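If you want the building blocks of each chain, they are given just below.
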Amino acid sequence: MLTVSDSTPIITLLKINRLEILQNLFGKILIPRAVFKELTENELYQNESETVKNSEFIIVKKVENLQAVKILREIAGLDAGESESIALAEEINSDVLLMDERKGRQVAKKLNLKIVGTVGILLQAYDENFLSESDILECVKILKNSNIRISENLFELIVKHIEGRKI
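In this text, all values refer to a predicted model and were calculated from it rather than measured experimentally. (Residues numbered from 1 in each chain as written. Predicted model: local features only at pLDDT ≥ 70, side-chain atom pairs only at ≥ 80, totals over all residues. Heavy atoms only, no water.)

### Concerning the overall build of the chain
A tally of helices and strands in the chain yields ten helices and five strands. The C-alpha radius of gyration of the chain comes to 16 Å, within 12% of the 15 Å expected for a compact globule of 167 residues. C-alpha atoms of the chain, sized along the principal axes, occupy 50 × 35 × 30 Å. Within the chain, the 26 negative side-chain charges are centred at a point lying 3 Å from the centre of the 22 positive side-chain charges. (Helix = DSSP H or I, 4+ residues; strand = E, 2+ residues; numbered from the N terminus. Rg over C-alpha atoms; globule rule 2.2 N^0.38 Å. Lys, Arg positive; Asp, Glu negative; His and termini not counted. Charge placed at Lys NZ, Arg CZ, Asp CG, Glu CD.)

Following this line, the structure appears as structure tokens:
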């Protein structure tokens, strides 16, 4: 499965010590250079930087269509990582793009890219038995307590999903 990721899902999963979920679900994850730079050069992610650099399943791939990146940055107002992630996903005809930011997701949807965010990743990991019910609820709790925006509606959807699977 060809999977491209923006930085936020990777950072979020690193913060909750669940990066292995990406490998379990998708195998290899392709990231553009701008995302790698964001993940490894940002002072906010110093602890996570080495994990990303040493990961065997996160692969940096150069975006060839720099014009598309420029257009996404200038016209859509996306940052470098979002722009390169969308351009790379489009370029390689990826099966899925991992992205959380609303603006980037809106642009990716207009390009008919399949998008999965961090919560979707956690739900898929639960559905495929990589996470137990208590694991997924703990992950969501950590996210909520880490100032990562999970609305009450989204939290309720997660709980309903888990309850629906029990039936």
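### Looking at the pattern of salt bridges
Summed over the entire model, instances satisfying the criterion amount to four salt bridges. Across the salt bridge formed by Arg18 and Glu20, the nearest N and O atoms sit 4.0 Å from each other. Across the salt bridge formed by Glu50 and Lys53, the nearest N and O atoms sit 3.6 Å from each other. One end of the pair, Glu50, and the other, Lys53, are both in helix α4 (residues 46-54), three residues apart, so they sit about a helical turn from each other. Each member of the salt-bridge network shares a partner with another, and the members are Arg18, Glu20 and Asp135. (Salt bridge = Lys/Arg side-chain N within 4 Å of Asp/Glu carboxyl O.)

### Re helix α1 (residues 7-15)
Buried residues dominate α1, accounting for seven of its nine residues. Of the residues making up α1, those classed as buried are Ser7, Pro9, Ile10, Ile11, Thr12, Leu13 and Leu14. After α1 finishes, the residue Asn17 shows a positive phi value of roughly 55°. (Buried < 20%, exposed > 50% of the residue type's maximum accessible area, 1.4 Å probe, protein only.)

### A look at the packing of helix α3 (residues 33-41) against α4
Interhelical geometry of α3 versus α4 gives an angle of 135° and a closest axis separation of 7 Å. With respect to α4, the axis of α3 lies oblique. In this structure, α3 uses Phe36, Leu39 and Thr40 to contact α4, whose residues at the interface are Ser49, Val52 and Lys53. Its residues placed into classes, the contact of α3 with α4 shows three nonpolar, two polar and one charged. (Axes fitted to C-alpha atoms, helices over the stretch in contact; angles between N-to-C directions. Parallel < 35°, antiparallel > 145°, perpendicular 65-115°, else oblique. Contact = heavy atoms within 4.5 Å. Nonpolar A, V, L, I, M, F, W, Y, C, P; charged D, E, K, R; others polar.)

### A short note on the nonpolar core
The biggest cluster of nonpolar side chains holds 35 residues, and the ones touching the most others in it are Ile10, Leu22, Phe26, Leu98, Ile121, Leu122 and Ile136. Those elements giving two or more residues to this core turn out to be α1, α2 (20-26), β2 (29-32), α3, β4 (96-98), α8 (118-127), α9 (133-145) and α10 (152-166). Per element, the largest residue contribution to this core is six residues, and it comes from α8. When residues no more than four places from it in sequence are discounted, the contact partners of Phe26 are Met1, Thr3, Val96, Leu98, Ile121 and Gln124. One finds Val63, Val107, Ala108 and Leu113 within the second-largest nonpolar core, a separate group that totals 17 residues. (Core = buried A, V, L, I, M, F, W, Y, C linked by side-chain atoms within 4.5 Å.)

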